[in-house]
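Single-letter residue listing:
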Amino acid sequence: MKEFFNIYTDPVYSFTFVCIAFFFMIKYVDLVATKKFGIGLMIGTVVMFVLCFMDPVFSANFYMTNDNVPIIFLVLLLAWTTWFALYKGVNNDRRMAQGLPPIEATPENREKVWAWPNLVYTELFAIILGTVFLIGWAVFFKAPLEEPANPTWAPNPAKAPWYFLGLQEMLVYFDPWLAGVLLPGLIVVGLIAIPYIDVNPKGNGYYTFRERKFAIIVYLFCWLVLWNFLIIIGTVFRGPNWSFYGPFEVWDTHKVIAANNVNISEMLWINTLGVKLPSNILVREIAGILMTLAYLVLFPLFLTKKLFNFKGTFGAIFNGGFLGKRYLQRLGWARYSILIFLVLMTLTLPIKMYLRWLINLKYIVFMPEFEFNI
Amino acid sequence: MKREPGMHYNTKTLNKVFAFVAVLFLIATLWMFLDDYIRPWKAIQVKALEIEQKVLAERIAEENKNINQEDLAAIKAKIDSAEKEIEGRKKEIQSIEKELSLLDKKIYAQNMTNGIHGSKSGEYQFQYEHYHMHHDKRADKYKALMIEAKKRFAEGKDDLKTYQLEQSQLNKKLKKITSKKSEFEKELSKLTGAKDRLIFAKSKTEKTPIWFLRNSPFIDYLDPTLKIEQIVLDNITDDRYFVQTKKVDRCITCHKFIDKEGYEDQENPYKTHPRVNELAVGRNSAHPMKKFGCTGCHGGEGHRVFDFSAPAHMPQNAEQEKEWKKKYHWHEPHKIPEPMLPLQYTEASCVKCHSGEERIGLSQKLNKGRKLLENYGCYGCHKADGWEHLKKPGPSLTKINSKVSLEFMKNWIWSPHTFNPNSRMPAFFGQSNNSKPEFMIKNIAEVNAMAEYIHEKSKTSNAFAKYEQGNAEKGKELIQTVGCIACHQIEGIDEPYNKVNSLKGPYLTGTGSKVDANWLVSWLIKPSHYQKDTVMPSFRLSKSEANDIATYLLGLKNPKFEGLKFEPLNKTVRDEILVGDYFSQFDPEKSARAKLNSMSDRERTLELGRLSIGKYGCYSCHTIEGFAEDRPPIGPEWNGIGSKFVHQFGFGQQHHIPHRRDAWMYAHLENPRRWDIGVPKPFKDLNRMPNFYLNKEEIDAMTTALLGFNAQFIPMAGKKNHDAAGKLALEGMKVANKYNCYGCHKIDGMGGDIGAAYSDDLNAGPPWLVDQGHRVNPDWFQNFLQNISPIRPYLQVRMPSFDYLPGEVDKLITYFNASSGVSNYINKPKVVWEAGEKEAARKMWDGFACVSCHSIGFNNEEAQGPNLHKAASRLRPTWIKKWLKNPLAIQLYTPMPDFWEGGTKAAKEYDESLAGLLGDDPERQMNAMVKYVLSLGNVKTEMKKIESAAQAQKANTETAKKEDKTEDKK
């Protein structure tokens, strides 16, 4: 069983599992948003941790890095908040389907009360309890003070703070410029842009799922799968040399993993055409450049415009124009372009991950001469 | 429950919740303080207090026993009676005291008045000078004032002196009355002072309420008694990577009594440091704690005290590790580049400061380890700073053909220990990583080729002497007594000569099956004929003596080994190695084959031999034709190995070996090939470090020495710095070590291995060299070392004649002179007699019966002391006096009597007939004796007299014999 987890928690497999799980969560959201499921989820998560801690290797790894403590909280809280939001939203959806107002809009919930003491007093409780919790945490898990820094003896693995480990995990697949600068920048820009892109007036002041399906799905996918899951991987499953280590696997520094990654240009010129790499950079990287352009320019067009007129299923897939009517019309060109750009940039992560796993792809465009590698 | 308008919660409930969380918060805060307050070292300090109390109580009890109760009672009675006497003069005392208190008041008041007059006179003087300078009229007024003030100031001072005189007189009076009592009180304190001090010390260990207050939480920041104690070192630093900071050692926080005697029997951490007053920590030791701290020697993180594991304590062995884990929850230190050295290896740290010293006086284990590294020739393959001067450890093979046969060579290379279990030539073959049949075949081919190569390249050396059958018994006797055993061990020699455990030279058992007879005789007579740079000396053996020894040695055979026939060279395997492992290294196999085909059969063998010698590094230890002298040795350098990162050591599949530096070294010396076990490696990549078959003690000592090759930085001021003479002495020490002077002579407490054979009568063995620089005249020494002529002909053991390299003799002499702190040059002593001195000396010479032992040159009796006719040229006069004064203080075992009992008693105490000589002044008597001894060498008449007397006697006896014979014939 442990061996099973040691193998299948590797993101090569587990990322797909998590994506599938996410798909089922959305598909069977009515089932997920029940109290029974919620209780089961919490119990299941706690039991999972208890079982894991019974393993000496897992608990040894845990004690070695104090970062793992917030990860445990994170997982529990994530499970709880996600379930809670869905539960509330689905509940309201059900009410609205029956013609009732959302819970938040019922007369008793619209009644106004004094901020003091109702709000301020309880906030004080929260502050005190939070402090008590932090004291307890600090006493139980002493600050992991180490030796004075030794430049000739860097820690292995060298890990960022736990909340940045998702970004660090992206470094496995991307050039540092992308993973460290461009994509995090886009996350910030994207978050800022959300209110301007979002033209859906529904869902103000109450929980709902159905009325904001697209927004919730996109956001939750990014938040749960692309951000938090990668943090968990970066924290728990990455050991020395940033190699993958299963939860019950000893962190042996000498673990060797064969990684022979190739670039698109090498695939094209050497493997396919059987000639040496052209000396002209643009010619050499032509395939990657064209693919990138197609992804960023042609693909959005394909989504909005009906480009072909094939018949049957084939036509349904390749004719294009899926989003045309619904989104382009509702958002307008400017908003649509920004949205689709952000979504496409987000999708580069899973795409690059799968390309790495499936065909050992290193870079789509590889121009170290200009430090331009994507 | 009814809700108030505008309220979601009930206020009372909120208040209750608030009360609850507030209490929770209080508890959490207290808990935090408590957690901060409770530290493991505090418990230790409290226990230390109890132990100290107990020890002090014991000492007080002991001190009580030492105090004679009768004496105590007598003194107390005396004090009582003195007090009564004082009581009788109470009135007198009271009146004096009254006067004294009055005087006190007067003196105080006078001091105040004087102050006023003094300052006023200063002020007026300034005013006067000021106005006078500016030609102001007011100058006159201030002049008068100044003179008046000065006058009054002088008067006041005089009054003060009068009062002080009165005061001292009264005090004297008072003291006289109480003098008896204070005298007795002094006596009392002499008797009980030690005890009183102990009682005072013990009172400091009581846990009084004040003690609790000072150490209670919150308040303990003021002036706690339980606190972290630390030593900050000025000259030794901690390396914090970008900066060297003063070393801070807080070990004494728990090791409370480490520098105090009397806690030797306590358990750790309450123990006293071993050799506390000699080696380290003690105030008068070589390394006082305040100057050297703890972690400078022991390693570890001295500033960390928060729990047992924090300072990186390291267990000595698996058992201790288990015990510590149970007792202290010990865990392996994380990310500490140099944790504490396990206790048994602590001496490794000596080298950090004592670099360049070949032997370090107080480091017994380190010295042993370094000697072993030297004797096993480890430095041949592994370079190290400070070891460059040593010659190649193995014998030169450039003329080997005249010594051993080709067949012997092959068998020997294959397995030296089969021939000689004590061989220092290590085993390269038949090891745990190359014993597979496919490897063995290749190894056999290599050994064949190497032997062929060495044989081919060997020059012939003509043995200049011819072996003749001698007397083996006599040979054995010579080996035992002449001094061979100081370097060589031989199975079968007699007690006590087999007790000497020296490894400088090879183990000689089996020599008969090894060497050529003529070679052996020549070698014994003149070793340098065969090998120019050998350290084997000549013992000035006569031809017959050499033949006797050779006969004995040749009789020591190893028939089993002699019968061995080495497997012949497999040519296919040879070619396969040449092509696969060497020729195709940089060329494709086809070209490699072509290269092979262009070579003749013999060429191929020799080429494999040459390459294999390079591969196994034979040239690192032996001089071999075709290998340049400066070719770098085969092994990795030792420098810094004691600080090498643990993860840079390859542990292979040896998972049971802890990942620690010392454990790796230990395991490596135990079986150097173990790292290959279970690792799939091709033949050419197999580990080549040979096996020396060391025993546990040897490995332990060698590990200590290896850990000494440490890269830690110690500032110059913190190191042992030698002055110019000291540095020269270290150079000389290297020479002394090279020629194994230490094998025979115990030099200032070091060495003297051969002494084991003379434990019954050390005087029959080679003399200890104590303060040798002071003893001998450098000019004489210079000559003696190069032209040995015996000083003590009565000794059977001989001072050998070495072939010193240029400059080595000077270094040796400088070594002795520098260690004694004497100059290299002395003036020729001149004897100037004072009146009556010569006669007195002559009388003492006879009275002490000097010639009864120092008979050489005086009569024909067997001598028991050195030849005194050489004293004038050999000894320094100051040393002769030192020797006469107290011979036993210099030479523990000397039979020389202590005539003046350490210079305290005159000669008459030894022999009454010598009374009245030179005023019975031991100093003058010794001076006279020194002069007498110095003048002996100049006076040949004594000798001549004796010689002529002896000749006359001889002639007499001969004529008598002749007469007898003629009478017989008749």
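The structure under discussion appears in the preceding block.
Fair warning: this is a prediction, and the values are worked out from it, not measured in the lab. (Residues numbered from 1 in each chain as written. Chains lettered and ligands numbered in written order. Predicted model: local features only at pLDDT ≥ 70, side-chain atom pairs only at ≥ 80, totals over all residues. Heavy atoms only, no water.)

(A) The overall build of chain A, seen in detail. When helices and strands are counted, chain A shows 16 helices and two strands. With the C-alpha coordinates aligned to their principal axes, the bounding extent of chain A is approximately 75 × 60 × 40 Å. When burial is assessed residue by residue, chain A has 39% of its 374 residues classed as buried. Sequence separation of 24 or more characterises 67% of the internal contacts of chain A that already satisfy a separation of 6 or more. Of the accessible surface of chain A, which amounts to about 22100 Å², a share of 71% is contributed by carbon and sulfur atoms. Placing the 29 positive and 22 negative side-chain charges of chain A at their respective mean positions leaves the two points 13 Å apart. (Helix = DSSP H or I, 4+ residues; strand = E, 2+ residues; numbered from the N terminus. Buried < 20%, exposed > 50% of the residue type's maximum accessible area, 1.4 Å probe, protein only. Contact = heavy atoms within 4.5 Å. Areas by Shrake-Rupley, 256 points an atom, 1.4 Å probe, with all protein chains shown as cover. Lys, Arg positive; Asp, Glu negative; His and termini not counted. Charge placed at Lys NZ, Arg CZ, Asp CG, Glu CD.)

(B) Main features of the overall build of chain B. Helix and strand counts for chain B stand at 37 helices and six strands. Its C-alpha radius of gyration of 42 Å places chain B more than 25% over the 30 Å reference for a compact globule of 970 residues. Based on the C-alpha atoms only, the size of chain B along its principal axes is roughly 130 × 120 × 80 Å. Evaluated residue by residue, chain B yields a buried proportion of 46% over its 970 residues. If you take every contact in chain B between residues at least 6 apart in sequence, the share linking residues at least 24 apart comes to 68%. Looking at charge distribution, chain B has the averaged site of its 144 positive side-chain charges lying 4 Å from that of its 126 negative ones. (Rg over C-alpha atoms; globule rule 2.2 N^0.38 Å.)

(C) Structural context of the packing of helix 27 (residues 724-738) of chain B against helix 31 (residues 808-820) of chain B. Residue and element names in this part refer to chain B. Between helix 27 and helix 31, whose axes approach to 7 Å, the crossing angle comes to 120°. Taken together, the axes of helix 27 and helix 31 lie oblique to each other. Crossing angle aside, the handedness with which helix 27 passes helix 31 is left-handed. Counting all contacts with helix 27, which are made through Ala725, Leu728, Ala729, Glu731, Gly732, Met733, Val735, Ala736 and Lys738, the residues of helix 31 involved are Glu808, Lys811, Leu812, Thr814, Tyr815 and Ala818. Considered class by class, the residues forming the contact of helix 27 with helix 31 number nine nonpolar, two polar and four charged. (Axes fitted to C-alpha atoms, helices over the stretch in contact; angles between N-to-C directions. Parallel < 35°, antiparallel > 145°, perpendicular 65-115°, else oblique. Left-handed = near helix turned anticlockwise from the far one by under 90°. Nonpolar A, V, L, I, M, F, W, Y, C, P; charged D, E, K, R; others polar.)

(D) Representation of the interface of chain A and chain B. Listed by partner, the interface residues are 28 residues for chain A and 29 residues for chain B. Between chain A and chain B, the buried area comes to about 2600 Å², and carbon and sulfur atoms account for 72% of it. Where chain A packs against chain B, one counts one salt bridge. A salt bridge links Asp35(B) to Lys142(A); its shortest N-O distance comes to 2.8 Å. Applying the counting criterion to the chain A and chain B interface returns six residue pairs in polar contact (both at pLDDT 80 or more). Tallied by class, the residues present in the side of chain A that touches chain B amount to 17 nonpolar, six polar and five charged. (Buried area = accessible area lost by both parts, 1.4 Å probe. Salt bridge = Lys/Arg side-chain N within 4 Å of Asp/Glu carboxyl O. Polar contact = N/O pair within 3.5 Å; in protein donor to acceptor, adjacent residues only side chain to side chain.)

(E) Structural detail: the nonpolar core. Formed by 68 residues in total, the largest nonpolar core has its most connected members in Phe15(A), Phe22(A), Met25(A) and Val225(A). In terms of residue count, the dominant contributor to this core is helix 11 (residues 213-237) of chain A (13 residues). Counting residues domain by domain, this core receives three or more from each of domain 1 (2-102 + 160-242) and domain 2 (264-373) of chain A. Filtering out sequence-adjacent residues up to four positions away, Met25(A) remains in contact with Val32(A), Thr82(A), Leu86(A), Leu220(A) and Leu224(A). Within the second largest apolar cluster, 65 residues are counted, among which are Phe429(B), Ile444(B), Ala465(B) and Leu553(B). (Core = buried A, V, L, I, M, F, W, Y, C linked by side-chain atoms within 4.5 Å. Domains from an automatic or database assignment.)

(F) Seen up close, the packing of helix 12 (residues 264-272) of chain A against helix 14 (residues 286-304) of chain A. Residues and elements named next belong to chain A. At a minimum axis separation of 7 Å, helix 12 and helix 14 run at an interaxial angle of 130°. On the basis of their axis angle, the class for helix 12 and helix 14 is oblique. The interaxial crossing formed by helix 12 with helix 14 has right-handed handedness. Counting all contacts with helix 12, which are made through Ile264, Leu268 and Trp269, the residues of helix 14 involved are Ile286, Ala287, Gly288 and Met291. Looking at the contact of helix 12 with helix 14 residue by residue, the classes come out as six nonpolar, one polar and no charged.

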